[in-house]
Amino acid sequence: MSKRSTSGANGPSEQRRAAMRRAHRALVLQGGGALGAYQAGVYAALCETERPPDWIAGVSIGAINAALIAGNPQEKRVERLREFWELVSSGPAQRLPPWLATREMLNQWSASMAALVGVPGFFEPRRTPALLLGGAAPLTSIYDTAPLKSTLERLVDFDRLNDDGIRMSVGAVNVRTGNSVYFDNHSGRLGPEHIMASGALPPGFPPVTIDGEDYWDGGIVSNTPLQYVLDLHPRTEPLVVLQVDLFSARGLMPASLSEVMERQKDITYSSRTRMNTDVMAANMNLQQAIADLITKLPPQMRLDPSVAQVQAMLTHQPIDVYHLIYRDKPYELESKDYEFSRAAVDEHWEAGMRDMRRTLAHPELLLGSPAMNGVTTYDLCEEGTPPRVKHPMVDPTVTVSAGRRSGRPSATA
């Protein structure tokens, strides 16, 4: 990144930028099935100029990408990500020549065949007559994910994942209690079963049993692990979060049943993610505002041990959350999260690299940030649209672009 600054080489913006470059870094990866190739492209571009993250948290396909990153040496991570995504897009129906039909038809055929025969290295249909009973079948899933276990064991070094220093967390849901659970290599060793539990989306995939409890896909409760990261990160240390989401809330009015189902899927996953991000940031910034008000109390009150303890509990070092959302979807249908054609995987990967490179080309985002504690969120928009920035205690109905208030209503993802 360049060294431009509007406040001088040693001004507060430059000092804050230097401090945040030394901060802990977390990569937060949402669930989204086949769209996860976008996250792989984001990481590939991130590795070109930036140091690797200290913490990776993922749900569903985000957990698989996280394992491929944390479970390999730095120089092999992109290669392993590429190997996985080429494997799951290697079926005959996924590599049909483009001249055979329109792109939409090829995508739909690829998705239909994935549902019928499975995805290489990922899942395969259960071949049992019990499925003829429909909903009365004495089964807990339509597909068998044994191929994914073999793929993870081959592509991920779980000893490295647990012992190499990168913190890794994956979200799942306890089937019986309905509660969200995170498996974290800082509190126990992770294996293939924890990654598979995070991606065990019913009724397609079976629950995964770990220590006598059964788990499903973490996206059933929350499709992004941002809250877990913010809850567990020490408030005395600054943090930079790159949150990579796979569903965009903004889209066109649907004109067909297929488009209706696609929009419904986008809104279901993205609106919950944006709401959670905004609520968490607002809550932490309110805490920080109260801590700042305590400094204005008379000394005899401010130095009271109970008041000082409350202030310490409410004070947050700066947290910057960069929200990168996959929006480029020219040929996608309602089946986009299980459409693993090679063409779609390559497009998602390239879109992730392009968006991440464009993000890294804007150092003014960091330079424009005020030197204050609390959470600052950056919505990294489409090309040609200025990023939307929400600073601590800035009116949430006002958009701030590159450090300047614009006075326009704040837009969603």
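Throughout, residues of each chain are indexed from 1 in the direction in which the sequence is written. Local features are withheld for residues below a pLDDT of 70 in this predicted model, meaning they are given only at 70 or higher, and side-chain atom pairs are given and counted only at 80 or more; totals for whole chains, interfaces and linings count all residues. Hydrogens and water molecules were not included; the side-chain quantities draw on all heavy atoms of the structure.

S.K.: Run through the layout of surface pockets, naming residues and quoting values.
M.R.: In the cavity and pocket records, a cavity denotes points on a 1 Å grid over the protein atoms alone where a 1.4 Å probe fits but cannot get out, a pocket denotes an open set with protein on both sides within 12 Å along at least 5 of 7 lines, and lining residues are residues with an atom within 4 Å of a point. Grid points are joined across faces, edges and corners, and a volume is the space filled by probe spheres set on the points. Space inside the largest pocket adds up to approximately 630 Å³. If you go around the largest pocket, you meet 33 residues; those closest to its centre are Gly33, Leu201, Phe205, Asp337 and Tyr338. Residue assignment for the lining of the largest pocket shows that the elements contributing at least two residues are α3 (61–70) and α5 (103–117). Residues are grouped as follows: nonpolar covers Ala, Val, Leu, Ile, Met, Phe, Trp, Tyr, Cys and Pro; charged covers Asp, Glu, Lys and Arg; every other residue, Gly included, is treated as polar. In terms of residue class, the lining of the largest pocket is built from 22 nonpolar, nine polar and two charged. Quantified by volume, the second largest pocket comes out at close to 300 Å³. Leu252, Glu259, Glu262, Lys329 and Glu332 are, among the 14 residues lining the second largest pocket, the residues nearest its centre. With four residues, the top contributor of residues to the lining of the second largest pocket is helix α10 (residues 257–294). Across the lining of the second largest pocket, the residue classes break down as six nonpolar, two polar and six charged. Secondary structure counts use DSSP, requiring at least four H or I residues in a row for a helix and at least two E residues in a row for a strand, with both numbered from the N terminus.

S.K.: Could you give me a rundown of a nonpolar patch on the surface, with the residues and numbers involved?
M.R.: Put simply, a patch holds well-exposed residues, over 30% relative accessible area, that have no salt bridge, with like charges counted together within 9 Å and Val, Leu, Ile, Met, Phe, Trp or Tyr side chains within 5 Å. For accessible areas, the Shrake-Rupley method is used with a probe of radius 1.4 Å. Any residue's cover is judged against the shown protein chains and nothing else. The salt bridge definition used is simple: a Lys or Arg side-chain nitrogen within 4 Å of an Asp or Glu carboxyl oxygen. A cluster of nonpolar side chains, namely Leu96, Trp99, Leu100 and Trp109, defines an oily patch on the protein surface of about 480 Å² accessible area. Of note, Leu100 is situated in the loop between α4 (77–87) and α5.

S.K.: Describe α5, naming the residues involved and giving the relevant values.
M.R.: In this scheme, a helix's expected span is set at 1.5 Å multiplied by one less than its residue total. Given a rise of 1.5 Å per residue, 15 residues ought to cover 21 Å, and the 21 Å separating the end C-alpha atoms of α5 matches this to within 8%. Turning to α5, the residues buried within the fold contact β4 (143–144) and α13 (342–360). With its phi angle positive at about 95°, Gly118 sits one or two positions after the end of α5. In this description, contact between two residues means that some pair of their heavy atoms is separated by no more than 4.5 Å.

S.K.: Break down the packing of aromatic side chains for me, citing the residues and quoting the values.
M.R.: Only the six-membered ring of Trp is used, alongside the rings of Phe and Tyr, when aromatic pairs are assigned; centres must lie within 6.5 Å, and planes under 30 degrees apart are stacked while those over 60 apart are edge-to-face, with the rest tilted. Inspection of the entire model under this criterion finds 14 aromatic pairs. Look at Tyr38 and Tyr326: their rings are 4.9 Å apart centre to centre, the planes differ by 50°, and that puts the pair in the tilted class. Of the two residues, Tyr38 sits in helix α2 (residues 37–49) while Tyr326 sits in the loop between β10 (319–325) and α13, which places them 288 residues apart along the sequence. The two residues Tyr38 and Tyr326 agree in class, both being buried. Grouping aromatic residues by their ring pairs yields a cluster made of Phe84, Trp85, Phe122, Phe123, Tyr143, Phe205 and Phe340. Positioned over the ring face of Trp349 is Arg82, at 3.8 Å from the centre of the ring. The rule is short: NZ of Lys or CZ of Arg within 6 Å of the ring centre and within 35 degrees of the ring normal puts a charge over the ring. The residue whose ring lies beneath Arg167 is Trp55, and the NZ or CZ to ring-centre distance is 4.1 Å. Burial status follows relative accessibility: with a 1.4 Å probe on protein chains alone, a residue under 20% of its type maximum counts as buried, one over 50% as exposed, and anything between as partly exposed.

S.K.: Which residues make up the packing of α4 against α13, and what are the values?
M.R.: To define axes, lines are fitted to C-alpha atoms, for helices over the stretch in contact only, and angles between the resulting N-to-C directions are given on a 0 to 180 degree scale. Two elements in contact, α4 and α13, have axes whose closest approach is 10 Å; the angle formed by their N-to-C orientations is 150°. The angle between the axes of α4 and α13 places the two elements in the roughly antiparallel class. Within the contact between the two elements, α4 uses Val78, Leu81, Arg82, Trp85 and Glu86 and α13 uses Arg342, Val345, Asp346 and Trp349. Taken together, the residues of the contact of α4 with α13 break down into five nonpolar, no polar and four charged. Relative orientations are named as follows: roughly parallel for angles under 35 degrees, roughly antiparallel for angles over 145 degrees, roughly perpendicular for angles from 65 to 115 degrees, and oblique for any other angle.

S.K.: Residues and numbers for the nonpolar core, please.
M.R.: Put simply, a nonpolar core is a bunch of buried Ala, Val, Leu, Ile, Met, Phe, Trp, Tyr and Cys residues held in one set by side-chain atoms that sit within 4.5 Å of each other. Counting residues in hydrophobic clusters, the biggest one holds 68 residues, and the most contacted among them are Ile64, Phe84, Trp85, Phe122, Met168, Ile195 and Leu242. Formed by 18 residues, the second largest nonpolar core is a distinct cluster that contains Ala26, Tyr182, Val241 and Met284.

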